[in-house]
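Observations on the three-dimensional arrangement
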Amino acid sequence: MRAPTPPSPYAHPARLILILSLAPTVGLGIGRFAYALVLPDMRDSLAWSYSTAGFMNTINAAGYLVGALFASRVIQRFGLATSVRWSTLASVLSLALSAMSGNIVVLSFARLLVGLAAAVGFVGGGALAATIAQSRPERANFLLSLFYAGPGVGILSSGLIAPFVLQGFGEGSWWIVWWVMTLLAVIMTLPLWFAPFHADAAASRVARTKFAIRPVLIYLTGYFLFGAGYIAYMTFMIAYVRDGGGGAVAQSAFWSLIGISAFVTPWVWRRVLAFDRGGLATTIILGVNALGASLPIFGHSPLLLAVSALVFGVAFFAVVGSTTAFVRFNYPPDAWPTAIAAMTIAFGIGQTLGPIVVGAITDAVGSLSVALNVSAAMLVLGAALSALQRKVRP
């Protein structure tokens, strides 16, 4: 695909990208990650095993993978801005569906739908954000990182709300949380419909391009491992905190710290994201992410868990941003949407396999600590492989 060129420079690129970041805020920050907050109550109320709980995120990730596979076609047909807007609306509908039934088939469909919609919004939003950022080349990396900090808003807001809703309404109130999350998502979706992205005017000029996998196979493998490794942490850490005696305040504080850390991501990593040296930026950031994921292995200390959340969060959002920076440095603008989609597919395969595998391991050994060990190991290996990636030759 060829990234559309705006007819004139964007007057307020930072503002537009912040509005655009509401798409992954709804699709990922709330649609995917808020599940971890209600998982313990859903698991108790609906008598789920850890494998079933993991399956719900696996099917969400499967939807994300399918969405990534078809994102290019959707964007080609409808344009960047329209694809982002309607996919975000679909995410909102899936949240409402999650609140309507405890039936595993209905919930599975809702998780599948939000995964599919989030991927289209993420790929389209990432390409549109890269296009807007290019209107200020000297600040492009910083502007682009604003988009990837978006899910942190969803994580922070859901972390401040969900645990206390569960505490206030008692056991079995998971469906009330989903209704509250739906209302929050509706509010966040509104600005997307009125922002002047004017990208659809160029939709007719979008064309497909081929993407060669071999030159970046090792990088894609590292990103696959990131997808498989991070999802275990984000799926089961609230259960881990609760098992260690953490109540609503502790759970909210832990989850909110992950979200808060996203707000400093653009400033912490802007120099690293400017590295035009193959996979080096991804290696550094993913290594820090692995460090954060490994800390809970050493205990349930509140201080340890707080540091883990902050370190994991500040790197987690930046890993995804580093792949888009890699695409910008190694491919022409024509290939950005296709290349971003390829990265998203590798990521999607990893996070599809991760939850169900880690859930099965947890059921087999009866310990979440073992699952977190496996998660951290995959992140370390992903960082090591990314270090081997060199610049892509024209």
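Our structure's up above, just so we're on the same page.
Throughout what follows, the structure given in this document is the object of discussion. Please read these numbers as outputs of a predicted model, since none were measured by experiment.

Basis of the calculations
- Residues numbered from 1 in each chain as written.
- Predicted model: local features only at pLDDT ≥ 70, side-chain atom pairs only at ≥ 80, totals over all residues.
- Heavy atoms only, no water.
- Phe/Tyr/Trp six-rings, centres within 6.5 Å; stacked < 30°, edge-to-face > 60°.
- Helix = DSSP H or I, 4+ residues; strand = E, 2+ residues; numbered from the N terminus.
- Buried < 20%, exposed > 50% of the residue type's maximum accessible area, 1.4 Å probe, protein only.
- Lys NZ or Arg CZ within 6 Å of the ring centre and 35° of its normal.
- 1 Å grid on protein atoms, 1.4 Å probe; cavity = no way out; pocket = protein on both sides within 12 Å on 5 of 7 lines; lining within 4 Å.
- Points joined across faces, edges and corners; volume = space filled by probe spheres on them.
- Nonpolar A, V, L, I, M, F, W, Y, C, P; charged D, E, K, R; others polar.
- Contact = heavy atoms within 4.5 Å.

Some thoughts on the packing of aromatic side chains
Taken as a whole, this structure holds 18 aromatic pairs when the rule is applied. Taking 5.4 Å as the distance between ring centres and 10° as the angle between the ring planes, the aromatic pair formed by Tyr230 and Phe347 counts as stacked. Here the residue Tyr230 occupies a position in helix H10 (residues 217-243), and Phe347 occupies one in helix H15 (residues 336-365), the gap between them amounting to 117 residues. We classify Tyr230 as buried; its relative accessible area is 0%. Classification of Phe347 by relative accessible area gives buried; the value is 5%. An aromatic cluster is present here, built from Phe33, Tyr64, Tyr223, Phe226, Tyr230, Tyr233, Phe254, Phe312, Phe316, Phe317 and Phe347 joined pairwise through their rings. Directly above the ring of Phe78 sits Arg77, whose terminal nitrogen or CZ lies 4.9 Å from the centroid. Stacked on the ring of Phe275, the Lys or Arg Arg277 has its end atom at 4.9 Å from the ring centre.

Quick notes on empty space enclosed by the protein
Counting across every chain of the model gives five cavities of 30 Å³ or more. Approximately 130 Å³ is the volume attributed to the largest cavity. For the largest cavity, the lining is made up of 13 residues, of which Leu28, Phe122, Phe316, Val320 and Phe347 are closest to its centre. Elements that contribute at least two residues to the lining of the largest cavity include exactly H10 and helix H14 (302-330). When the residues that make up the lining of the largest cavity are grouped by side-chain class, the tally is twelve nonpolar, no polar and one charged. Looking at the second largest cavity, its volume works out to about 70 Å³. Among the elements of the structure, helix H13 (280-294) and H14 are those that each provide at least two residues to the lining of the second largest cavity.

Quick notes on the side chain of Thr323
Secondary-structure assignment places Thr323 in helix H14. The residues contacting Thr323, other than those within four sequence positions of it, are Tyr219, Tyr223 and Thr282.

So far we have only geometry, and geometry alone does not tell us how the molecule works.
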